[in-house]
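# Working through the structure, step by step
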Amino acid sequence: MADAFDIVILGGGMGGYVAAIRAVQLGKTVALVEKDKLGGTCLHTGCIPTKALLHTAELYHDAKNGAASGVNVTGVELDWAAANQRKQKIVDQLHKGVQFLMKKNKIEVLNGTGVFESSTRVRVDGPDGARTIEGGNVIVATGSHPKSLPGVEIDGERVINSDHALALKEVPRSAVIVGGGAIGVEFASMWNDLGAEVTLVEALPRITPLEDAEVSQVVSRAFTRRGIKVVAGARLDLKSVKASGDGVRLHYDSDDGGADLNADVLLMAVGRGANVDGLGLEKTGVKVEKGWVMVDDDLRTDDPAVFAIGDVVGGYLLAHVASHEGIHAVEVISGESHAPLNYNQMPRCTYSRPQVASVGLTEEQAREAGVEVKTGKFPFSALGRAMIMGDTDGFVKVVTDAGTGEVVGAHMVGHNVTDLIAEPALGQLLEGTAWEIGLSVHAHPTLSEAVGEAALAAEGRAIHI
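An account of the accompanying structure is given in this report. (Residues numbered from 1 in each chain as written. Predicted model: local features only at pLDDT ≥ 70, side-chain atom pairs only at ≥ 80, totals over all residues. Heavy atoms only, no water.)

## Regarding the overall build of the protein
Rule in force here: A run of H or I in DSSP becomes a helix once it reaches four residues, and a run of E becomes a strand once it reaches two; helices and strands are each numbered from the N terminus. Residue exposure (1.4 Å probe, protein chains only): buried if accessible area is under 20% of the type maximum, exposed if over 50%, otherwise partly exposed. Any two residues whose heavy atoms approach within 4.5 Å are treated as being in contact. Here the open area of atoms and residues is found with the Shrake-Rupley method and a 1.4 Å probe, where only the protein chains shown may cover a residue. As used throughout, the charge tally considers Lys and Arg to be positive and Asp and Glu to be negative, leaving His and the chain termini uncounted. Lysine's charge is taken at NZ, arginine's at CZ, aspartate's at CG and glutamate's at CD.
Along the backbone of the protein there are 13 helices and 24 strands. Across its three principal axes, the protein shows a C-alpha extent of roughly 70 × 60 × 45 Å. In the protein, which comprises 465 residues, the share counted as buried stands at 50%. Restricting to contacts in the protein with at least 6 residues of sequence separation, those with at least 24 account for 61%. Total accessible area computed for the protein in this model is approximately 21500 Å², and 50% of it derives from carbon and sulfur atoms. Placing the 42 positive and 60 negative side-chain charges of the protein at their respective mean positions leaves the two points 4 Å apart.

Written out as structure tokens, the structure is:
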């Protein structure tokens, strides 16, 4: 006899385990199937370890450049082994926390690979053999994996992906990074701060291509000033990529004529693909198009018994998006009534130096959507707290509907802006106006003042510019 649960969840990452907890809160019995470790990509090979090492890189940079603030430090050395031990300690502690949450909520965790035998029946192939379980509904939350480009083979040593980059035993002396999105930009920033010679190659006309154009300009200028070679509008010659014991070489073409590049490593940061192979989806009514599981606004697949969340459905491949999709899916299953998710309210963050954060529409996207736009912008160069911290690159931009004053987007680049994006995100959720954000008192001196001043600027009321 198969074990029966109200909900079976395939994948214990940020989408899956959060969905499991919410389901229990709603009175459901849950089985959570995970083939590796709870916490998934974000905890073990993504968000957390990457940001831990970015923190080390920033500390190293600050220690070497403390003289400008009156702190002269000599003999600064990077202990890469200690940095990685600290990274792993953080990951292990958070992993134990997730395991505790599963026990606290009485969620049955099955270690193994889940394979559909029907829309509601799943075989779990684990280290101790196979077990078959039934779910009134099944949620697919199997995540994604790093991709490469056709013909460029990832060998894990000279040609690597982000998983390999986190496991390097030493910082490369030189690196070429193909892909100027969040992952590529973060590793470029990290390795540069740690002393590597870095070239960042992007096929589109600018790095961070999904962000506001002015944001991209600030990041590109800051990177160039730091010594990172930024090459946008580049066409990589895939056949030119050659790895050897000494390193890797490649060629790119561009409107400027192109160039040959040589480096210790080549990091392919060109996107991710959904983990859908081997799940037995052909035994269900689930439709997969262009590698992604198709879902409606409530995360239902074409099979009424099966939902899908997180990276497997495409869109924003972000841990917090997966978590909210998981909560939404189990609430729909449980008959909770609410509006579909609004992806314009999902914040996006890049933890480079300078950081990038955004929510909602860019100025260009708002105009394309027919919105009559007003914008307000406030530079960190006019902000006391930014001067105190010695980092005045960047700005906060607020995009509003000129007719209603409602905030339709916010875009930030600069020191610690990933911690500032929550305010305009909440403003959008509450259908707040720039006037209301500006009216809210922002403590002085703080970086958050830039949000209030930018909102006031959209109303023509900024004080300090």
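Next, the rest of the story.
## Remarks on the pairing of strand β14 (residues 259–263)
Where we set the bar: The pairing criterion for strands is at least two bridges between them, as found by DSSP.
Pairing geometry for strand β13 (residues 247–253) and β14, over 5 bridges, is antiparallel. Paired with L250 across the bridge in β14 is L261. The turn joining β13 and β14, which pair antiparallel and follow one another in sequence, is formed by 5 residues; a positive phi near 110 degrees is taken by G257.

## Digging into the side chain of H95
On the secondary structure map, H95 appears in helix α4 (residues 80–104). With sequence-adjacent residues up to four places away left out, H95 is seen in contact with K37, L38, L43 and H44.

## Quick word on the sheet that holds strand β20 (residues 348–350)
Applied cut-off: To obtain each axis, a line is fitted to C-alpha atoms, and for helices this fit is confined to the stretch in contact; angles are then taken between N-to-C directions over 0 to 180 degrees.
Read from one edge to the other, the open sheet built from 5 strands follows the order β20-β21-β24-β23-β22, with strand pairing classed as antiparallel. Both outer strands of the open sheet, β20 and β22 (373–379), are each paired with one neighbouring strand and no more. Mean inter-strand twist for the sheet, computed between neighbouring axes without regard to direction, equals 10 degrees. Bridge count for β22 against strand β23 (residues 395–401) is 7 bridges, and the pairing is antiparallel. Bridged to K377 within β23 is K397. Here helix α11 (residues 422–429) sits on the sheet and contacts β21 (355–360) and β24 (407–414); the angle it forms with β24, its principal contact strand, is near 175 degrees. Contacts from helix α13 (residues 449–458) reach β22, β23 and β24, with the element oriented near 145 degrees to β22.

## Considering helix α7 (residues 213–226)
The criterion, for reference: For a helix, the expected span equals 1.5 Å multiplied by the residue count minus one. Taking the helix axis as origin, the arc is that swept by the directions to the C-beta atoms. Throughout this description, a polar contact denotes any pair of N or O atoms lying within 3.5 Å of each other; where both atoms belong to protein, one of them has to be capable of donating a hydrogen while the other can accept it, and for residues adjacent in sequence the pair is counted only when both atoms sit in side chains.
Compared with an ideal rise of 1.5 Å per residue, which puts 14 residues at 20 Å, α7 spans 20 Å between its outermost C-alpha atoms and is within 8% of the ideal. For α7, the set of buried residues is V215, S216, V218, V219, A222, F223 and R226. Each buried residue of α7 sits inside an arc of 160 degrees when the element is viewed along its axis, so together they form one side. Those residues of α7 that are exposed and angled more than 90 degrees off the buried face are R221 and R225. As for α7, its buried residues are in contact with α6 (182–193), β10 (197–202), β11 (229–232), β21, β23 and β24. The opening residue of α7 is D212, an N-cap whose side-chain oxygen sits 2.8 Å from the backbone nitrogen of E214. Once α7 ends, the next one or two residues include G227, with phi positive near 100 degrees.

## Some details on the state of the cysteines
Put simply, the test is: Any two cysteine sulfur atoms within 2.5 Å of one another count as a disulfide.
Summed over the entire model, instances satisfying the criterion amount to 1 disulfide. Sulfur-sulfur distance for the disulfide between C42 and C47 comes to 2.5 Å. Of note, the bridge from C42 to C47 carries an S-S torsion of about -130 degrees and is left-handed in sense. Judged by relative accessible area, which is 29%, C47 ranks as partly exposed.

These figures come from the coordinates and say nothing about function on their own.
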